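If you want the building blocks of each chain, they are given just below.
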Amino acid sequence: MMSEQEALKCSNARNRGGTQRVEGKLRASVEKGDYYEAHQMYRTLFFRYISQAKHTDARELMYNGAQLFFSYNQLNSAADLSMLVLESLEKSEAKVEDEDLEHLAKLFSLMDPNSPERVAFVSRALKWSTGGSGKLGAPKLHQLLAVTLWKEQNYSESRYHFLHSSDGEGCAQMLVEYSAQRGFRSEVDMFVAQAVLQFLCLKNKNSASVVFSTYTQKHPSIEKDPPFVQPLLNFIWFLLLAVDGGKLTVFTVLCEQYQPSLKRDPMYNEYLDRIGQLFFGVPPKQSSSYGGLLGNLLNSLMGSGEDEEGEEAQEHGSPIELD
């Protein structure tokens, strides 16, 4: 007699064969141009699979269907099936896996960059991915999104997602290109300074160090090793050393000595207040946190909003600009 394990394998093989036959029929409908009928059939099958708790089959069918519709420029149908991929992940309470994150990033890359569907998709995808690590979304998903946006030369959105990833090297390479394409020669130091300070505000000391060393090594307008011609770069170099040492007196003297450079951007001292609290034991200011526009920007960076709607806005909103 057939063992239970062998029976399960045969059952899975039959199910897979049935799914492949269904996919073949749906593909044929799309290739004939019967887009509406094919779309409706995909939806019908999705809800049938979900009702049978066949979440993996539902997800795979929708993922392949979305890519098929994208290839025929049926963007609305493709976006709808992409949302169903997310719905299957949510309903199944699936563990956050790299393969699923890569599939979500692939669908994101195929969407029209200016479509509202893409904004809704990325917000929902990041929210789902918080089942892993990171309040504002899985770092791996942020990294994949950042790379796609970098390829699209959407540098400000890309750098926002890099900040919430752990890819300091990729962030630095993107910033070198961003600086060359959109920045003035006099601003080459400001591109990396802001990124380092923001990584430190997010308590990501390792990425802060990597983004600085990679950027200064690869940028054609910067010396490869310290000391640098630009005082701001020397400040960042000393700051990273001070963070490792943790001595408040060193941090305080450093900030005082480089005030002329730090005044180039009013946000720098706001970031340094936060860095002082995180790494040097500086008590928070007695005043009501941070106020006004600067406070909103800093709070957006650090994801301090508690309501879900606020969080979703932060997830895809690129709240802190370079220019």
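Analysis parameters
- Residues numbered from 1 in each chain as written.
- Predicted model: local features only at pLDDT ≥ 70, side-chain atom pairs only at ≥ 80, totals over all residues.
- Heavy atoms only, no water.
- Helix = DSSP H or I, 4+ residues; strand = E, 2+ residues; numbered from the N terminus.
- Expected span 1.5 Å × (residues − 1).
- Patch = residues over 30% accessible without salt bridge, like charges linked within 9 Å, V, L, I, M, F, W, Y side chains within 5 Å.
- Areas by Shrake-Rupley, 256 points an atom, 1.4 Å probe, with all protein chains shown as cover.
- Salt bridge = Lys/Arg side-chain N within 4 Å of Asp/Glu carboxyl O.
- Lys, Arg positive; Asp, Glu negative; His and termini not counted.
- Charge placed at Lys NZ, Arg CZ, Asp CG, Glu CD.
- Buried < 20%, exposed > 50% of the residue type's maximum accessible area, 1.4 Å probe, protein only.
- Axes fitted to C-alpha atoms, helices over the stretch in contact; angles between N-to-C directions.
- Parallel < 35°, antiparallel > 145°, perpendicular 65-115°, else oblique.
- Left-handed = near helix turned anticlockwise from the far one by under 90°.
- Contact = heavy atoms within 4.5 Å.
- Nonpolar A, V, L, I, M, F, W, Y, C, P; charged D, E, K, R; others polar.

Topic: helix α15 (residues 267-280)
Under the 1.5 Å per step criterion, the end-to-end length of α15 is 19 Å for 14 residues, consistent within 8% with the ideal 20 Å. Once α15 finishes, G281 follows within two positions and takes phi at roughly 70°, a positive value.

Digging into a negative patch on the surface
Among the surface-exposed residues, E97, D98, E99 and E102 lie close enough to one another that they form a single negatively charged patch. You can see E99 is positioned in helix α5 (residues 98-110). A relative accessible area of 53% means that E99 is categorised as exposed.

Overview of the pattern of salt bridges
Under the criterion given, the structure shown has 7 salt bridges. A salt bridge links E90 to R124; the shortest N-O distance between them is 2.8 Å. Here the residue E90 occupies a position in helix α4 (residues 75-92), and R124 occupies one in helix α6 (residues 116-129), the gap between them amounting to 34 residues.

Some details on the packing of α4 against α5
The N-to-C vectors of α4 and α5 enclose an angle of 160°; their axes lie 10 Å apart at closest approach. By the angle between their directions, the pair α4 and α5 is classed as roughly antiparallel. Where α4 crosses over α5, the two elements pack in a sense that is left-handed. Along its contact with α4, which presents S82, V85, L86 and L89, the element α5 presents D100, L104 and L107. A breakdown of the residues in the contact of α4 with α5 according to their chemical character gives 5 nonpolar, 1 polar and 1 charged.

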